[in-house]
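Structure at a glance
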Amino acid sequence: MNKQVQMNPQTQLANLGEELNVPFLKLLGVRCISAEMGKGEILLALRPEHNNTWEVAHGGVLLTLMDVAMAVAARSGDPSDRSVVTIEMKNNFMQAATGVLRVKADTVRRTATMAFCEAKLYNDQGEVCCMATGTFKYLKRLPSRNADGERVVNDDGRTS
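Quick summary incoming for the structure in this document. No experiment lies behind these values; they were computed from the predicted model shown. (Residues numbered from 1 in each chain as written. Predicted model: local features only at pLDDT ≥ 70, side-chain atom pairs only at ≥ 80, totals over all residues. Heavy atoms only, no water.)

This next bit is on the overall build of the protein. Looking only at helices and strands, one finds 3 helices and 9 strands in the protein. The order of α-helices and β-strands along the protein, N terminus first, is α-β-α-β-β-α-β-β-β-β-β-β. A separation of at least 24 residues holds for 56% of the contacts in the protein among residues at least 6 apart in sequence. By element, 52% of the accessible surface of the protein is carried by carbon and sulfur atoms, the whole surface being about 10000 Å². (Helix = DSSP H or I, 4+ residues; strand = E, 2+ residues; numbered from the N terminus. Contact = heavy atoms within 4.5 Å. Areas by Shrake-Rupley, 256 points an atom, 1.4 Å probe, with all protein chains shown as cover.)

Here you go:
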């Protein structure tokens, strides 16, 4: 007897892409699918706690996803491997979002200090639910600390 096991979307995504090392994004369950050449792609399988009272994705969750995907795109196109902070973001909500959400972002233009990005968020039927543009400022990465509070230093001598 061949028994097929149905997995929920969170379980299916658990090994897809990679988890971003940001506590808030870990809490949400955001997965990074790709980050290269000024492009970024992330996924989120919506859970009930991501929803508003109408049982669709809360707008704050969608804004977070758009912001993260564009930041990933901006960082992936920077040869100096710097961090970014969001300077400005504009979002258009086009329809309610449910299911597994995918955001694809592109860096439209990059200068020495800024990245200008755009993103689209899709539901699991491939429909665009919202679109955003954002401006990101490049910053030198701040030193990280390990569990003992010591600064983490990369192999090349830089603090990460």
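Further notes follow.
Once that is clear, we can look at unusual backbone geometry. For Met37, which is not glycine, the phi dihedral falls at a positive 55°. Mapping Met37 onto the fold places it in the loop between strand E2 (31–36) and strand E3 (39–45). Relative accessible area serves as the criterion here: at 76%, Met37 is assigned to the exposed category. Positive phi values are uncommon outside glycine, yet Asp81 reaches one of about 55°. Position of Asp81 relative to the elements: it lies in the loop between helix H3 (59–76) and strand E4 (83–93). (Buried < 20%, exposed > 50% of the residue type's maximum accessible area, 1.4 Å probe, protein only.)

Turning our attention to the pairing of strand E6 (residues 114–122). The side-chain alternation of E6 yields one buried face, formed by Ala115, Cys117, Ala119 and Leu121, and one unburied face, formed by Met114, Phe116, Glu118, Lys120 and Tyr122. Pairing of strand E5 (residues 100–110) with E6 involves 8 bridges; the strand directions are antiparallel. In the sheet register, Thr107 faces E6, and the bridge partner there is Cys117. From the end of E5 to the start of E6, which pair antiparallel, there are 3 residues. Strand direction decides the pairing type here: E6 and strand E7 (residues 128–139), joined by 9 bridges, are antiparallel. Looking at the pairing, Tyr122 lines up with Val128 of E7. Counting the residues between successive antiparallel strands, the hairpin from E6 to E7 contains 5 residues, one of them, Gly126, with a positive phi of roughly 85°. (Pairing = 2+ DSSP bridges.)

For the rest of this paragraph, the subject is the nonpolar core. In this structure, Val30, Ile42, Leu65, Leu101, Val103, Leu121 and Phe136 are the most contacted members of the largest nonpolar core, which totals 34 residues. Mapped by element, the contributors of at least two residues to this core are helix H2 (23–28), E3, H3, E5, E6 and E7. With residues near it in sequence (within four places) discarded, Val103 still touches Gly40, Glu41, Ile42, Leu65, Met66, Ala69, Ala119, Lys120 and Leu121. (Core = buried A, V, L, I, M, F, W, Y, C linked by side-chain atoms within 4.5 Å.)

All right, on to the sheet that holds E6 then. If you walk across this open sheet you meet the 7 strands as E1-E2-E3-E5-E6-E7-E4, and the pairing is antiparallel. Each end of this open sheet is capped by a strand with a single partner; those strands are strand E1 (18–19) and E4. Bridge count between E1 and E2: 2 bridges; the pairing is antiparallel. Of the residues in E2, the one forming a bridge with Glu18 is Cys32.

Here we take up the pairing of E5. With 7 bridges connecting them, E3 and E5 associate as antiparallel partners. In the sheet register, Lys39 faces E5, and the bridge partner there is Asp106.

Take Asn91: it is sitting in strand E4. Residue Asn91 is classed as buried on the basis of its relative accessible area of 17%. The contact partners of Asn91, leaving out residues within four places of it in the chain, are Leu63, Met66, Cys130, Met131 and Ala132.

Shape is all these values report; function is a separate question.
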